[in-house]
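Report on the structure
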Amino acid sequence: MHSFITKLQWLFAVWPLLLSVPFATAQQDVGYILGTVSDPTGAALAGANVTITWQTTGLTQTAVTTQDGFYTSQPLQVGQYTVTATLAGFSSATIQNLI
């Protein structure tokens, strides 16, 4: 089994691409989580399942990475989130407490 990517490597691969782009819609603050999932060599992982969980409520949404390993969330309420990426044949990786 291949190592999916260590949590630290995943953090450095994704952290620069995580964006919270707030905008006002009917006086609600929302944003997005964007990122790229890659293996330890930096190769993009297409078809990885990304689960984004709002820590306050436990509500989740999912995304699947593109051929370039890219994913984006649907609009998110402001809060703390946990992001987990999984792909068959690889270990999962999780980042917690994203704001």
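Cut-off values and rules
- Residues numbered from 1 in each chain as written.
- Predicted model: local features only at pLDDT ≥ 70, side-chain atom pairs only at ≥ 80, totals over all residues.
- Heavy atoms only, no water.
- Pairing = 2+ DSSP bridges.
- Helix = DSSP H or I, 4+ residues; strand = E, 2+ residues; numbered from the N terminus.
- Axes fitted to C-alpha atoms, helices over the stretch in contact; angles between N-to-C directions.
- Core = buried A, V, L, I, M, F, W, Y, C linked by side-chain atoms within 4.5 Å.
- Buried < 20%, exposed > 50% of the residue type's maximum accessible area, 1.4 Å probe, protein only.
- Contact = heavy atoms within 4.5 Å.
- Phe/Tyr/Trp six-rings, centres within 6.5 Å; stacked < 30°, edge-to-face > 60°.

**Concerning the sheet that holds strand 8 (residues 81-86)**
- Taking strand neighbours across the sheet as the criterion, the 4 strands line up as 5-4-8-9 in an open arrangement whose pairing is antiparallel. Strands at the two margins of the open sheet, each flanked by one partner only, are strand 5 (60-64) and strand 9 (93-98). Within the sheet, the average angular offset between the axes of one strand and its neighbour, ignoring direction, is 15°.
- Bridge count for strand 8 against strand 9 is 4 bridges, and the pairing is antiparallel. In the sheet register, Val83 faces strand 9, and the bridge partner there is Ile95.

**Notes on the nonpolar core**
- In terms of nonpolar packing, the biggest core is built from 16 residues, with Ile33, Val37, Val50, Ile52, Tyr71, Tyr81 and Val83 touching the most fellow members.
- Elements represented by at least two residues in this core include exactly strand 4 (49-54), strand 8 and strand 9.
- Once residues lying within four places of it in the same chain are set aside, the contact partners of Ile52 are Ile33, Leu59, Thr60, Gln61, Ser73, Leu76, Tyr81, Thr82 and Val83.

**Some details on unusual backbone geometry**
- In the Ramachandran plot, Asn97 falls in the positive-phi region, its phi being about 65° despite a non-glycine side chain.
- Among the secondary structure elements, Asn97 is positioned in strand 9.
- Classification of Asn97 by relative accessible area gives partly exposed; the value is 44%.

**A few points about the environment of Leu45**
- Mapping Leu45 onto the fold places it in the loop between strand 3 (34-36) and strand 4.
- Classification of Leu45 as buried rests on a relative accessible area of 7%.
- Residues Leu45 and Thr65, 20 residues apart in the sequence, show an inter-C-alpha distance of 7.2 Å.

**What about the packing of aromatic side chains?**
- Under the definition given, this model contains 1 aromatic pair.
- Ring centres 6.2 Å apart and planes at 20° place the aromatic pair Trp54 and Tyr81 in the stacked group. Of this pair, Trp54 sits in strand 4 while Tyr81 sits in strand 8, and the two are 27 residues apart along the sequence.
- The exposure class of Tyr81 is buried, given its relative accessible area of 5%.

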